Amino acid sequence: MQSVSENHKKIYVSSGKRNPGDFASVTEAINSIPKDSQEPVTVLIAPGIYHEKITVDRAFVTLEGTGESNADTVLTFDDYANFIMEDGTKMGTFRSYSVFVDAHDVMLKNLTIENASGDSLTHGQAIALYADGDRLTVDSCRLIGHQDTLFTGPLPPKEIQKNGFIGPKQFAPRLCGRQYYRNCYICGDIDFIFGGATAYFEECTIESLRHFPEEREDAQIQGYITAASTPEGQEYGYVFSGCRLISEECPPGTVYLGRPWRDYARTVFIDCTFGSHIHPELFHDWNKPDARKTVLYGIWDSRENFPERAEFVQEIKEEQLAHYAKEKVLS
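Below or above, wherever it landed, is the structure these notes cover.

The next thing to look at is empty space enclosed by the protein. Empty space among the atoms can be located by rolling a probe the size of a water molecule over them. In total, this model carries 2 cavities of 30 Å³ or more according to the counting rule given. A volume near 50 Å³ is recorded for the largest cavity. Taken together, Glu235, Tyr236, Gly237, Tyr238, Val239, Arg266, Thr267, Val268, Leu296 and Tyr324 make up the lining of the largest cavity. Only β20 (238-241) and β23 (266-270) provide two or more residues apiece to the lining of the largest cavity.

Another aspect to go through is the sheet that holds strand β3 (residues 48-51). The 8 strands are arranged β3-β6-β9-β12-β15-β18-β21-β24 in an open sheet whose pairing can be described as parallel. Edge positions in the sheet fall to β3 and β24 (273-274), since each has one partner strand and no second.

A few words now on the nonpolar core. One finds Leu129, Tyr181 and Phe201 to be the most contacted residues of the largest nonpolar core, which totals 64 residues. In this structure Phe201 touches Leu150, Tyr181, Ile186, Ile193, Tyr238, Val239, Phe240, Ser241 and Cys243, once residues within four positions along its chain are discounted.

Across the junction of Gly153 and Pro154, the peptide omega takes the value 20 degrees, indicating a cis bond. Phi is positive for Asp105, which is not a glycine, with a value near 55 degrees. Along the chain, Asp105 turns up in the loop between β7 (99-101) and β8 (107-109). The phi torsion at Asn110 lies on the positive side, around 55 degrees, for a residue other than glycine. Looking at the secondary structure, you find Asn110 in the loop between β8 and β9 (112-115).

Strand pairing in a sheet takes place through backbone hydrogen bonds and is either antiparallel or parallel in direction. Spatial strand order, β1-β2-β5-β8-β11-β14-β17-β20-β23-β25-β26: 11 strands in an open sheet with parallel pairing. Edge positions in the sheet fall to β1 (9-13) and β26 (313-315), since each of these pairs with one other strand and no more. Going across the sheet, the axis of each strand differs from the next one's by a mean of 15 degrees, ignoring polarity. Both strand β5 (residues 61-65) and β8 contribute to a ladder of 3 bridges, which runs parallel. Bridge pairing links Glu64 to Lys109 in β8.

Now for the packing of aromatic side chains. By the definition in use, this model includes 27 aromatic pairs. Ring geometry for Tyr180 and Tyr200: centres 6.5 Å apart, planes at 50 degrees, overall tilted. Of this pair, Tyr180 sits in strand β14 (residues 178-182) while Tyr200 sits in strand β17 (residues 198-202); the two residues are 20 residues apart in sequence, bridging distant segments of the chain. As far as the burial class goes, Tyr180 and Tyr200 line up, both buried. For the ring pair Phe269 and Phe274, a centre distance of 6.0 Å and an interplane angle of 55 degrees mean the geometry is tilted. Comparing Phe269 with Phe274 shows no difference in burial state: the two are buried. Aromatic ring contacts, followed pair by pair, group Tyr181, Phe201, Tyr238, Phe240, Phe269, Phe274, Phe283, Tyr297, Phe306 and Phe312 into a single cluster. Here the basic side chain of Arg262 rests over the ring of Trp261, its NZ or CZ set 5.1 Å away from the ring centre.

Here strand β18 (residues 205-208) shows no split at all, with Thr205 and Glu207 on one side and Ile206 and Ser208 on the other all buried. Relative to β18, strand β15 (residues 185-188) runs parallel, the two sharing 4 bridges. Paired with Ile186 across the bridge in β18 is Ile206. Inspection of the sheet shows β18 paired to strand β21 (residues 244-246) by 3 bridges, in the parallel sense. Looking at the pairing, Ile206 lines up with Leu245 of β21.

Thresholds applied
- Residues numbered from 1 in each chain as written.
- Predicted model: local features only at pLDDT ≥ 70, side-chain atom pairs only at ≥ 80, totals over all residues.
- Heavy atoms only, no water.
- 1 Å grid on protein atoms, 1.4 Å probe; cavity = no way out; pocket = protein on both sides within 12 Å on 5 of 7 lines; lining within 4 Å.
- Points joined across faces, edges and corners; volume = space filled by probe spheres on them.
- Helix = DSSP H or I, 4+ residues; strand = E, 2+ residues; numbered from the N terminus.
- Pairing = 2+ DSSP bridges.
- Core = buried A, V, L, I, M, F, W, Y, C linked by side-chain atoms within 4.5 Å.
- Buried < 20%, exposed > 50% of the residue type's maximum accessible area, 1.4 Å probe, protein only.
- Contact = heavy atoms within 4.5 Å.
- Axes fitted to C-alpha atoms, helices over the stretch in contact; angles between N-to-C directions.
- Phe/Tyr/Trp six-rings, centres within 6.5 Å; stacked < 30°, edge-to-face > 60°.
- Lys NZ or Arg CZ within 6 Å of the ring centre and 35° of its normal.

The following block contains the structure:
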């Protein structure tokens, strides 16, 4: 985990521009940093709502909210996949982000990152944080959206649907970085944590939101928390450790822990607390019977043994826990 030292250069952002030398927007502050800089820089962001589409494309940058709570400093935008562009085409998922991290050694701390477009039935996919880089740390942040809230890049090698990957990294090399999420709150409904990175989630609160109205015939399934696209041969995908999975809106048994965006998805939950909204089968195969042979879905909990879990979901043994330790996953 990257740490902020006193030797870091500091840049200040305030929506009211309270002091000379402050920047009025996060984007202006980032753009003031030389692109090839190897010097660690901390961008300290005063409490307020910053309605801007932000790209962090400098390495060794920390964005840190200075409020008492992560709810005090809000980075928000409202693009969404179903938005019709000037050329008559839809924006698509991967241009809908509010904050896009496209660099290594970046930290986000004590912030709210939000896609405020609205419900996913109307707007489709809408990314709050598009995270594509190695050694990325997200500490004590709130990530708020509905469908596709958090994308942990990279993209899979190939599209399933034509033009499905239109966006900033469509033709970029696929680098599978390591990402660490600590003490975060992440909410959404459909596939709201998805992508190909190795990502470790420690002591996070994951809240499932209702997707379908109660009167809909298909309301018996309200969502999927993860949709990993772990590349074939990659040792780790998503590891959730000591996380709380909650929902105030979803009925019992209506949310799956995940489904495979690609056939080698790897997702495990270690010592997590599950609300009644979690489906007893735990994971879904996305109607891909062949993926049952290639995915790695696992769970360990000393309090219960999940007797109704799907046959392709492994019950992790205690002697295997060391394999999923944070230091090993992110090494």
